[in-house]
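Results of the structural survey
If you want the building blocks of each chain, they are given just below.
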Amino acid sequence: MSLWNDFNNADDQQSYDVIPKGTVARVRMTIKPGGLDDPSQGWTGGFATQSTMTGSVYLNCEFVVTEGPFAKRKIWSLIGLESPKGPEWANMGRSFIKGILNSSRGLHPGDQSPKAQQMRRISGFSDLEGVEFVAKIDVDKDQNGELKNIIKSAVTPDQKGYAEAMGSVPAAPAPAVYSAPAPQTAPTQEQPAVPSGRPAWAQ
């Protein structure tokens, strides 16, 4: 019997219910190239996409959950680069990418050391291809009103769930990993390096 005659050993169907809002999970990001380049903006490699409907420019991203109960689930989201409506779309995109770099490279948002600043720089969008970071999964509606998962923010080392999802070793190659200075007094049960809270741009 061939695979297409006997289905007893086929995998069971997966559930495609949305992942609960607020779930924290480690994900791997890839970018679907849109073919748009603008070296003056730093958009090279053909990664950017421009909407023929609105004129907005974005990165068309796929995120695959790598571990946990939702492993192998895929989530699609856009990272804004430019919008005819104003700078907010681009500002949100830049904040998201900064969060991805902080998350993947183990950087605390409050670390402004020269080393940390260097680690928040990329040579191009190709540096984001295949990066692994900790994401906070959200829920939105698609064009048909059906619920879908999206990712709008990265979880950084100062936030709840990061250590459990990422582990002690950062996923993305980086020159070094920033560690918060050890307190001089005996550590308490919970003592974050910087105040926690969601990014200012998050809705």
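Conventions adopted
Here the residue numbers are simple positions, counted from 1 along each chain's written sequence. Thresholds applied to this predicted model are a pLDDT of at least 70 for local features of residues and 80 or more for the giving and counting of side-chain atom pairs; totals over whole chains, interfaces and linings are not thresholded and use all residues. As a rule here, side-chain values come from all non-hydrogen atoms in the structure, and water together with hydrogens is ignored. The secondary structure listing takes helices from DSSP runs of H or I that are at least 4 residues long and strands from runs of E that are at least 2 residues long, numbered from the N terminus. Every helix has an expected span of 1.5 Å times one less than the residues it contains. Burial classes follow relative accessibility: with a 1.4 Å probe on protein chains only, a residue under 20% of its type's maximum area counts as buried, one over 50% as exposed, and anything between as partly exposed. Should a side-chain nitrogen of Lys or Arg be within 4 Å of a carboxyl oxygen of Asp or Glu, the pair is scored as a salt bridge.

A word on helix α1 (residues 88-104). For α1, which comprises 17 residues, the first-to-last C-alpha distance of 24 Å matches the rise-based estimate of 24 Å (1.5 Å per residue) to within 8%. For α1, the full list of buried residues reads A90, G93, F96, I97, G99, I100, L101, N102, S103 and S104. One or two steps after α1, the chain reaches G106, where phi turns positive at roughly 70°.

With that out of the way, let us pick up the pattern of salt bridges. Enumeration over the complete set of coordinates arrives at four salt bridges. Between E132 and R26 there is a salt bridge; the shortest N-O distance is 2.9 Å. In this pair, E132 sits in strand β6 (residues 132-141) while R26 sits in strand β1 (residues 24-32), placing the two residues 106 residues apart along the sequence. E132 sits in the buried class, given a relative accessible area of 15%. Residue R26 is classed as buried on the basis of its relative accessible area of 14%. Two residues, D138 and K152, come together in a salt bridge whose shortest N-O distance is 3.7 Å. Taken together, the residues D138 in strand β6 and K152 in strand β7 (residues 147-154) connect sequence positions 14 residues apart. According to the relative accessible area criterion, K152 is partly exposed, its value standing at 28%. If you follow the salt bridges from partner to partner, you end up with K21, D138 and K152 in one network.

Note that all results are geometric; they support no functional claim without further evidence.
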